[in-house]
Amino acid sequence: MAKNRFFNRNVVSIRDFNLDDFAYLFDVTDKIQTLKSKERGEIAKGLILGYIFYEYSTRTRLSFESAMSSIGGRSLGISDVDSSSIMKGESYADTIKTISLYSDVILIRHPSDGSSRYACEISQKPVINGGSGSEEHPTQAMLDIYTIFKEKKKIDGLSIGIVGDLKYGRTVYSLIYALSNYNVDIHLVSPAVLKIRNESIYDISHKVNMRQHVELSDELLEKLDIIYVTRIQRERFPDLQEYNKIQGLYTIDENVLKKSKPDVSILHPLPRVDEISPSIDNTANALYFKQAAYGKELRAALLSSLLHEDPF
Ligand code: CP
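Residues numbered from 1 in each chain as written. Predicted model: local features only at pLDDT ≥ 70, side-chain atom pairs only at ≥ 80, totals over all residues. Heavy atoms only, no water.

Peer 1: With reference to specific residues and values, describe the sheet that holds strand 1 (residues 48-53).
Peer 2: One open sheet holds the four strands; their spatial order is 2-1-3-4, and the pairing between them is parallel. One side of each edge strand has no neighbouring strand; the edge strands of this open sheet are strand 2 (74-78) and strand 4 (127-132). When strand polarity is set aside, the average angle formed by the axes of neighbouring strands in this sheet is 15 degrees. In this sheet, strand 4 lies alongside strand 3 (residues 105-110) in parallel orientation, the contact comprising four bridges. Counterpart to Ile108 in the pairing with strand 4 is Asn129. Docked against the sheet, helix 5 (residues 115-122) engages strand 3 and strand 4, running at close to 155 degrees with respect to strand 4. (Pairing = 2+ DSSP bridges. Helix = DSSP H or I, 4+ residues; strand = E, 2+ residues; numbered from the N terminus. Axes fitted to C-alpha atoms, helices over the stretch in contact; angles between N-to-C directions. Contact = heavy atoms within 4.5 Å.)

Structure follows, in structure tokens:
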């Protein structure tokens, strides 16, 4: 294996990682899937993943837990803040410091931008951002890029549509930052009220071809190799009437597949609500559950690399 590029690092923003880092992580992700379970189960023996989720999660928390267990480690954490001493008034800083006393790496999901960066100043153990506000979800982008690479055997040269909530969707920003390392065409499709925050992509806009659209038109569908769909995030809408107006605007169904390239891949970070019809779940185009499954393997590779200078 190439030299470990992740040992003891914080994973706060995907922007802290480059193409060589991605190549290393993807190699480790491939390698870890070939290990016998006994060998895999030795990697993190005696080590602990500590976590705290101030927001709901299914995939991020469970895939990290499952990943940690698969490499022989254990997880402990707070998935329901209401059952913790935060309810007695304990500060964010003291909570993070305390979790870091009991664990070897910390995973945090928090509704505020900057929450993971701040945690790095408090924790003596590496911090993984499991989603911070509308800002970033770096490990999601790592698994998104890994999924694209596994399925298409390349990333350069692809046309990638990112559809839905581009304003509040943190996975969107991490994905765009990651894709800015590659030679791709990005098509951003959203209603006007959910347009990308231009100030958040300003400094990478010269590095990548990006176009904005309001419609997922037939002409655009003919071009796309990947359609990355995102949920319209009801919980981040200040006005529910505005949410109701745009809910269900871009539903991906058989009709959309008919107008698309035959080998178009549909990705979604999940959870979905109504933006992808379950009727296409069993098509070869639907990659979103495979993507979620890759999440466990990539996170096992990431944890192994953060925790050990020489994971294998
Ligand atoms: N993709 C993702 O972050 O899913 P969860 O919100 O279920 O963790």
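Let us keep going from here.
Peer 1: Summarise the pattern of salt bridges; cite the residues concerned and give the values.
Peer 2: Considering all chains together, one arrives at 14 salt bridges under this definition. Among the ionic pairs, Glu297 bridges to Arg40, the shortest N-O distance being 2.8 Å. Linking Glu297 in helix 12 (residues 288-307) with Arg40 in helix 2 (residues 37-40), this pair joins segments that are 257 residues apart in sequence. For the residue pair Glu297 and Arg40, the accessibility class agrees, reading buried in each case. Notably, a salt bridge pairs Asp281 with Arg272, separated by 2.7 Å at the nearest N-O pair. Accessibility expressed as a relative area gives 21% for Arg272, which makes it partly exposed. (Salt bridge = Lys/Arg side-chain N within 4 Å of Asp/Glu carboxyl O. Buried < 20%, exposed > 50% of the residue type's maximum accessible area, 1.4 Å probe, protein only.)

Peer 1: Outline the nonpolar core, supporting the account with residue identities and numerical values.
Peer 2: Counting residues in each nonpolar core, the largest one holds 62 residues, and the members touching the most others are Met142, Ile162, Ile176 and Leu303. Per-element tally for this core: the top contributor is helix 12, with eight residues. Counting contributing residues, this core receives three or more from each of domain 1 (14-136 + 293-307) and domain 2 (138-292). In this structure, Leu216, Leu224, Val229 and Ile252 belong to the second largest nonpolar core, which totals 19 residues. (Core = buried A, V, L, I, M, F, W, Y, C linked by side-chain atoms within 4.5 Å. Domains from an automatic or database assignment.)

Peer 1: So what about the environment of Leu224? Which residues, and what values?
Peer 2: One can find Leu224 in the loop between helix 9 (218-221) and strand 8 (226-229). Residues Leu224 and Val189 lie 35 residues apart in sequence; the distance between their C-alpha atoms is 12 Å. Contacts of Leu224, omitting those with residues within four sequence positions, involve Ser159, Ile160, Gly161, His187, Leu216, Lys261 and Val264.

Peer 1: Tell me what's going on with the pairing of strand 6 (residues 185-189), and back it up with residues and numbers.
Peer 2: On any regular strand, side chains alternate: one points to one face of the sheet, the next to the other face. With respect to burial, strand 6 is a largely interior element, four of its five residues being buried. Here strand 5 (residues 159-163) runs beside strand 6; their pairing, made up of five bridges, is parallel. When the bridges of strand 6 are listed, Val163 appears paired with Val189. With respect to chirality, the unit in which strand 5 leads through helix 7 (residues 170-179) into the neighbouring parallel strand 6 is right-handed. Summarising the sheet, strand 6 and strand 7 (residues 209-213) pair through five bridges and their orientation is parallel. Bridging from a neighbouring strand, Leu188 pairs with Gln212 of strand 7. (Right-handed = clockwise from strand over helix to strand, strands pointing away.)

Peer 1: Can you lay out the site of the ligand for me, pointing to particular residues and giving the numbers?
Peer 2: Inspection of the region around the ligand gives Ser57, Thr58, Arg59, Thr60, Arg109, His137, Gln140, Pro269 and Leu270 as its neighbouring residues. One of the side-chain N or O atoms of Ser57 is found 2.7 Å from an oxygen atom in the ligand. Thr60 has a polar side-chain atom sitting 2.7 Å from an oxygen atom of the ligand. Isolated, the ligand exposes 250 Å² of accessible area, and the fraction of that covered by the protein chains is 91%. Class assignment of the residues belonging to the shell around the ligand gives a composition of two nonpolar, five polar and two charged. Inspection of the shell around the ligand shows a minimum of three residues originating in each of domain 1 (14-136 + 293-307) and domain 2 (138-292). (Near = heavy atom within 4 Å. Polar contact = N/O pair within 3.5 Å; in protein donor to acceptor, adjacent residues only side chain to side chain. Areas by Shrake-Rupley, 256 points an atom, 1.4 Å probe, with all protein chains shown as cover. Nonpolar A, V, L, I, M, F, W, Y, C, P; charged D, E, K, R; others polar.)

Peer 1: Can you tell me about the packing of helix 1 (residues 19-32) against helix 6 (residues 138-152), naming the residues and giving the values?
Peer 2: Remark: helix 1 packs on helix 6, axes separated minimally by 11 Å, with the N-to-C direction vectors making an angle of 70 degrees. Accordingly, the angle class assigned to the pair helix 1 and helix 6 is roughly perpendicular. Contact residues: helix 1 offers Leu25, Phe26, Thr29 and Asp30, while helix 6 offers Met142, Ile145, Tyr146, Phe149 and Lys150. By residue class, the composition of the contact of helix 1 with helix 6 is six nonpolar, one polar and two charged. (Parallel < 35°, antiparallel > 145°, perpendicular 65-115°, else oblique.)

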